[in-house]
Amino acid sequence: PATTLQDIIAHAKEYGFVFPSSEIYDGLQAVYDYGQNGVELKNNLKSVWWKAMTQLHDEVVGIDASIFMHPLTWKASGHVDSFNDPMIDNRDSKKRYRADQLLEAKAEEYANAGDEARSQALLTEMGRLLGAEDLEGVRNLIISEGIKDPISGNMNWTEVRQFNLMFSTQVGSLAEDASTIYLRPETAQGIFVNFLNVQKTGRMRVPFGIAQIGKAFRNEIVARQFTFRMREFEQMEMQYFVRPGTEMAWYNTWKASRMAFHQAIGLPTERLKFHDHEKLAHYANAAVDIEYKFPFGFREMEGIHSRTDFDLKAHQELSKKKQQYFDNDVDPATGKPYGNYIPYVVETSVGADRLFLATLCNAFTKETVGEGDAQKERTYLKLHPALAPIKAAIFPLVRKDGLPEKAEQIMKSLRSEFRVITEERDAIGKRYTRQDLIGTPFCIAVDYQTLEDDTVTIRYRDTTEQIRVPIAELKARIGHEVSM
Ligand code: ATP
């Protein structure tokens, strides 16, 4: 049977990847904590992204901006006025829904029943109404489509209201001089307001990029689906500043580059696709999502947007500080330098938690092994070795005769290169199983022969194949596989 989201949630909890937040108080909706293995996997994902962005592109540098920003930032970016989701309540069940998601689910129902045309027509109509801010129209559409509350089963809907997704809090100690500030709903603005700082101090020349990994917060109305939609989450964003007119070429370059990244970390081509936006956000002249096929269907994992000069221009207007770049490259059309302009921006934005979830779903493998009566099920995480929380586990066959000491010695010779552990407890088969469940790609067994000839067996997670190799070769063999 196909892997369900419930399988993933259960596995993530049982093996120390993800726990519900403040679980002893029954949790906090749409907030999660990463456990001892989850934090390693997530850190590995962040570091391969960071490397792909900065180390492999000498024109891209990183920053780490604050979560709190001047409140005008969010005025300029449009978040104060329009970072809204349309919501609707059911009077009987007292449940709150996103109006657009109710309609999307209906469209999906039509598509699944083979009526593509009706599905498309519904999405188009919804896009039109939302674009025109016709909230009454949205409500009428929900009713004319006969959409019922899944709990109460009736259509006792309230009006549709816009709901701003930003969390706010107060700075300042006294009520009188306290002012409202927001927890950032995206990391991008921290990059925009630092654009000139980085450009000048780093002597960057267009085209160049600024990358950032950090927390973002959104008061999501419907927060289900585990780490897919959280109220506190992490984004990995890169803003690429280009000369106006060249943005479409860069947009296509980054589209291809980001798709290649997901394939390189092990997500299969057939579970990835591009999805062009039907309706462009106010800041974009082109936008595409990279979708991954989660257990609940193809959903957005990363967004790639051509944001024009919308953000820098808005910051220039509100801050009264010029956000221009002087380009002394010569324009072949005029024979003169391009001169001053506000750069255009191509953005790539991926959620670390969504990438984590995709990686976990993809790695989760259940296989039937053995024949006849000896048949049994084996569960393991087929993670790319570069992403695995633990790269190698070293097992002394028995807890005596110097084998544990030998295992310890091997562990110490490897641990400055990559994360290795030793495990002495339980039968060796059980120890293999435990490592399979957290995705450790290599298990190393230390036996009596090791004491004689300094060789060990390596057992490969995916094939369970075992080979005997000299201890002296371990660093190179494993090191080669766990790098990316
Ligand atoms: P959605 O339509 O699913 O709400 P979005 O289009 O609002 O997502 P963006 O604003 O483009 O998302 O954010 C970029 C990326 O940040 C998304 O592709 C996603 O991976 C991640 N992201 C956005 N919201 C959340 C969230 N609530 N929880 C986890 N990740 C998120």
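In this text, all values refer to a predicted model and were calculated from it rather than measured experimentally.

Colleague: Got a sec to walk through the confidence of the model for the chain? Specific residues and values, please.
Modeller: Confidence in the prediction of the chain, expressed as mean pLDDT, is 95, and 99% of residues score 70 or more. Here the prediction assigns the complex a pTM of 0.92, and the interface score ipTM is 0.98.

Colleague: Which residues make up helix 13 (residues 403-414), and what values go with them?
Modeller: Over its 12 residues, helix 13 runs 17 Å from end to end, which matches the ideal 16 Å to within 8%, given 1.5 Å per residue. Those residues of helix 13 that sit buried are Leu403, Lys406, Ala407 and Ile410. Along helix 13, the residues classed as buried sweep out an arc of 100° about the axis, all on the same side. Away from the buried face of helix 13 by more than 90 degrees, exposed residues Glu405 and Lys412 are located. Looking at the packing, one finds that the buried side of helix 13 touches strand 19 (392-396), strand 20 (420-422), strand 21 (442-446) and helix 15 (448-453).

Colleague: Requested: an account of the pairing of strand 21, with residues and values cited.
Modeller: Most of strand 21 sits out of view: 5 of its 5 residues are buried. Burial along strand 21 is two-sided: the residues Phe442, Ile444 and Val446 and Cys443 and Ala445 are all buried. For strand 21 and strand 22 (residues 455-460), the ladder comprises 4 bridges, and the chain directions are antiparallel. Bridge assignment links Ile444 to a residue of strand 22, and that residue is Ile458.

Colleague: Can you tell me about the UniProt feature "binding site: substrate" (unreviewed entry) in the chain, naming the residues and giving the values?
Modeller: Following the UniProt record, one finds the feature "binding site: substrate" (unreviewed entry) at Arg98, Glu186, Phe233, Glu234, Gln235, Met236, Glu237, Glu347, Thr348, Ser349, Val350 and Gly351. Spanning 254 residues, the annotated positions stay apart in the fold, the maximum distance between their C-alpha atoms being 26.5 Å. Relative to the helices and strands, Phe233 is located in strand 10 (residues 232-242). Of the residues examined, Phe233 has 20 C-beta atoms within 10 Å and is grouped as buried. Leave out the neighbours within four places in its chain, and Phe233 touches Ala216, Gly351 and Asp353. Tracing the backbone through its elements, the reader meets Thr348 in strand 16 (residues 344-351). The residues contacting Thr348, other than those within four sequence positions of it, are Glu237, Met238, Trp254, Arg258, Glu302 and Ile304.

Colleague: So what's going on with the nonpolar core? Residues and values would help.
Modeller: Core analysis: the largest hydrophobic core is formed by 87 residues, its most contacted members being Leu357, Ala358, Leu360, Ile394, Phe395, Ile444 and Val446. Ranked by residue count, the leading element in this core is helix 12 (residues 352-363), at 8 residues. When residues are assigned to domains, this core turns out to be shared by domain 1 (5-69 + 167-361) and domain 3 (390-482), each giving three or more. Every residue in contact with Leu357, bar those within four places of it in the chain, is listed here: Phe226, Thr227, Phe228 and Phe294. Residues Tyr97, Leu102, Met126 and Leu130 belong to the second largest nonpolar core, which totals 17 residues.

Colleague: Give a description of the site of the ligand that names residues and reports values.
Modeller: In the vicinity of the ligand there are 16 residues, among which Phe233, Gly303, Ser349, Gly351 and Arg354 approach most closely. When residues in the shell around the ligand are grouped by element, the largest group, 4 residues, is from strand 13 (residues 297-308). By residue class, the composition of the shell around the ligand is 4 nonpolar, 4 polar and 8 charged.

Colleague: Could you give an account of helix 12, with specific residues and numbers?
Modeller: Its 12 residues place the ends of helix 12 16 Å apart at the C-alpha level, agreeing with the 16 Å of an ideal helix rising 1.5 Å per residue. Regarding helix 12, the residues found buried are Ala352, Asp353, Arg354, Leu355, Phe356, Leu357, Ala358, Thr359, Leu360, Cys361, Asn362 and Ala363.

Colleague: Residues and numbers for the sheet that holds strand 4 (residues 84-90), please.
Modeller: Sheets are built from strands that pair by backbone hydrogen bonding, the pairs being arranged parallel or antiparallel. Strand order across the open sheet formed by 3 strands is 5-4-6, with antiparallel pairing between neighbours. One side of each edge strand has no neighbouring strand; the edge strands of this open sheet are strand 5 (96-98) and strand 6 (157-164). On average, adjacent strands in this sheet sit at an angle of 35° to one another, irrespective of strand direction. As judged from the 3 bridges shared by strand 4 and strand 5, these two strands associate in the antiparallel manner. Residue pairing across strands places Ile88 opposite Tyr97, the latter belonging to strand 5. Taken strand by strand, helix 7 (residues 135-144) contacts strand 4 and strand 6, and its axis lies near 135° from that of strand 6.

Colleague: Can you tell me about the packing of helix 5 (residues 99-112) against helix 7, naming the residues and giving the values?
Modeller: Close contact between helix 5 and helix 7 brings their axes to 10 Å; oriented N to C, the two are set at 35°. Helix 5 and helix 7 meet at a crossing whose hand is left-handed. Contacts between helix 5 and helix 7 involve Ala99, Leu102 and Leu103 on the former and, on the latter, Val138, Leu141 and Ile142.

Conventions adopted
Residues numbered from 1 in each chain as written. Predicted model: local features only at pLDDT ≥ 70, side-chain atom pairs only at ≥ 80, totals over all residues. pLDDT = per-residue confidence, 0-100. Helix = DSSP H or I, 4+ residues; strand = E, 2+ residues; numbered from the N terminus. Expected span 1.5 Å × (residues − 1). Buried ≥ 20, exposed ≤ 12 C-beta atoms within 10 Å, placed from the backbone. Arc of directions from axis to C-beta. Contact = placed C-beta atoms within 7 Å. Pairing = 2+ DSSP bridges. UniProt positions renumbered as here; feature names shortened; annotations may be inferred. Core = buried A, V, L, I, M, F, W, Y, C linked by C-beta atoms within 7 Å. Domains from an automatic or database assignment. Near = placed C-beta within 6 Å. Nonpolar A, V, L, I, M, F, W, Y, C, P; charged D, E, K, R; others polar. Axes fitted to C-alpha atoms, helices over the stretch in contact; angles between N-to-C directions. Left-handed = near helix turned anticlockwise from the far one by under 90°.

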